[in-house]
Amino acid sequence: MKRILKIVLAALVAICLVAIVGIYALSEMRLSRTYEVAAADFAVKTTLPPEEAERRARTLMCGGCHHDAGNILLDEPGVGRIVAPNLTRLVPMYNDAELVRLIRHGVKKDGTGAVIMPAGNFANITDDDMAALIAWLRSLKQLPDAVAGGTQWGPLGRVGLALDKIPFEADLVPTAITPAATRPADIGEYAFITDCSHCHNLDTAKQSEAFFAPALKPLAQSYSAADFKTLLRTGKGVGGRDLGVMTQVSQWDFRYFTDIEIEQIQAYLTRQP
């Protein structure tokens with residue numbers, strides 16, 4: 001009986017080791033998957049004053065994730081640690097075409113996919129805003145990393161990668177896209193597409209492990225114009241409530257919207273059928 005138990009135990013250990021090796025190998029294959037998206041030349045240069053180029057660039061949500069010099073987006077035991085890299089050190093490694101491909105397609109310099117990068121939204125950034133964004137990014141003074149180390153995957157994260165359950169937005173963006181040339185005068189819909197819809201739906205709430213995002217149409221309808229401006233400028237809800245991720249993103253990014261732009265965003269959200 002003892003001999004049989006030892007054989008069974010050895011077999012179980014062997015199966016577990018094979019499973020672990022298999023999961024690791026499959027997760028590495030997923031992380032190393034490359035995308036056939038060409039880094040097409042981007043010849044557009046901004047004609048905006050540096051202050052306006054920076055303002056527009058900041059409304060496109062870079063700071064909320066990356067902060068000034070890198071930021072931890074997720075740190076969950078067993079799942080892993082996902083780091084938004086230090087843009088002041090990353091950007092100089094990319095030429096303009098590669099940078100546009102990273103932003104619009106979620107494809108890194110080596111052709112692999114970026115995790116969490118909201119390329120599905122950023123694919124819609126207009127050419128003139130992209131030019132402003134690149135000009136601003138290239139103007140940033142290089143800073144030491146605010147976060148030691150990079151993204152690391154735990155066992156549960158490895159399983160998710162092996163099963164292809166970790167989202168890579170490079171899978172969602174068509175290889176060929178044709179963004180508009182210029183930012184619209186009324187940015188309501190544009191801001192919703194490039195910014196808000198990454199976290200929010202119009203009519204239904206989104207729930208994830210990281211945060212709860214309410215439906216935007218009823219929210220915008222329930223806020224006065226003054227309170228909606230406060231929301232986007234400070235990330236604070238009615239009564240000064242801290243709204244977690246929204247508070248962080250507003251304080252880093254959305255506070256750069258002008259009064260007119262905020263009015264346009266609220267008007268777009270409230271007039272949807």
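In this report, the structure presented in the accompanying data block is examined. The structure presented is a predicted model; accordingly, all values stated were derived computationally and were not measured. (Residues numbered from 1 in each chain as written. Predicted model: local features only at pLDDT ≥ 70, side-chain atom pairs only at ≥ 80, totals over all residues. Heavy atoms only, no water.)

Examining the environment of His 67
(1) Moving on: Along the polypeptide, His 67 turns up in the loop between helix H3 (62-66) and strand E1 (71-76).
(2) Moving on: Taking C-alpha positions, His 67 is 28 Å from Ser 27, a pair spaced 40 residues apart along the chain.
(3) Moving on: A distance of 3.4 Å separates a polar atom in the side chain of His 67 from a polar atom in the side chain of Trp 252. (Helix = DSSP H or I, 4+ residues; strand = E, 2+ residues; numbered from the N terminus. Polar contact = N/O pair within 3.5 Å; in protein donor to acceptor, adjacent residues only side chain to side chain.)

Comments concerning the packing of aromatic side chains
(1) Moving on: Taken as a whole and judged by the stated rule, the model has two aromatic pairs.
(2) Moving on: Here the aromatic rings of Phe 192 and Tyr 268 are separated by 5.9 Å at their centres, their planes lie at 40 degrees, and the arrangement is tilted. One end of the pair, Phe 192, is in helix H9 (residues 188-194); the other, Tyr 268, is in helix H13 (residues 259-270), with 76 residues separating them in the sequence. Judged on exposure class, the residue Phe 192 and its partner Tyr 268 are both buried.
(3) Moving on: Seen from their ring centres, Phe 254 and Phe 257 are 5.7 Å apart, and the 35 degrees between their planes marks the pair as tilted.
(4) Moving on: Classification of Phe 254 by relative accessible area gives buried; the value is 6%.
(5) Moving on: Exposure remark for Phe 257: the relative accessible area of 4% places this residue in the buried category.
(6) Moving on: Stacked on the ring of Phe 168, the Lys or Arg Arg 30 has its end atom at 3.8 Å from the ring centre.
(7) Moving on: In this structure, Lys 109 is placed above the aromatic ring of Tyr 94, and the distance from its NZ or CZ to the ring centre is 5.7 Å. (Phe/Tyr/Trp six-rings, centres within 6.5 Å; stacked < 30°, edge-to-face > 60°. Buried < 20%, exposed > 50% of the residue type's maximum accessible area, 1.4 Å probe, protein only. Lys NZ or Arg CZ within 6 Å of the ring centre and 35° of its normal.)

Let's talk about the layout of surface pockets
(1) Moving on: Taken as a whole, the second largest pocket holds about 240 Å³ of empty space.
(2) Moving on: Lining of the second largest pocket is provided by 17 residues; of these, Ala 40, Val 100, Arg 104, His 105 and Ile 177 occupy positions nearest its centre. (1 Å grid on protein atoms, 1.4 Å probe; cavity = no way out; pocket = protein on both sides within 12 Å on 5 of 7 lines; lining within 4 Å. Points joined across faces, edges and corners; volume = space filled by probe spheres on them.)

Some points on empty space enclosed by the protein
(1) Moving on: Evaluation of the coordinates by the stated rule reveals one cavity of 30 Å³ or more.
(2) Moving on: Taken as a whole, the largest cavity spans an internal volume of roughly 40 Å³.
(3) Moving on: Lining the largest cavity are Thr 59, Leu 60, Arg 183, Ile 187, Tyr 190, Ala 191, Thr 194, Asp 195 and Phe 257.
(4) Moving on: Of the residues belonging to the lining of the largest cavity, the class tally is five nonpolar, two polar and two charged. (Nonpolar A, V, L, I, M, F, W, Y, C, P; charged D, E, K, R; others polar.)

Some remarks on the nonpolar core
(1) Moving on: If you look at the biggest cluster of nonpolar residues, it comprises 43 residues, and the most contacted ones within it are Leu 133, Phe 228 and Leu 269.
(2) Moving on: Among the elements of the structure, helix H4 (87-90), helix H5 (96-105), helix H7 (127-139), H9, helix H10 (216-222), helix H11 (225-234) and H13 are those that each provide at least two residues to this core.
(3) Moving on: Once you skip the residues sitting within four places of it in the chain, Leu 269 turns out to touch Phe 192, Leu 202, Leu 216, Lys 217, Ala 220 and Phe 228.
(4) Moving on: Core analysis: the next-biggest nonpolar cluster, separate from the first, contains nine residues, Val 37, Ile 82, Ile 166 and Phe 168 among them. (Core = buried A, V, L, I, M, F, W, Y, C linked by side-chain atoms within 4.5 Å. Contact = heavy atoms within 4.5 Å.)

Brief notes about the sheet that holds E1
(1) Moving on: Ordered in space as E1-E2-E3, the three strands form an open sheet in which the pairing is antiparallel. Edge positions in the sheet fall to E1 and strand E3 (152-153), since each of these pairs with one other strand and no more.
(2) Moving on: Two strands pair when backbone bridges link them, and strand E2 (residues 80-84) and E3 are joined in this way by two bridges, in the antiparallel orientation. Each bridged residue has a counterpart across the sheet, and for Gly 80 the counterpart in E3 is Trp 153. (Pairing = 2+ DSSP bridges.)

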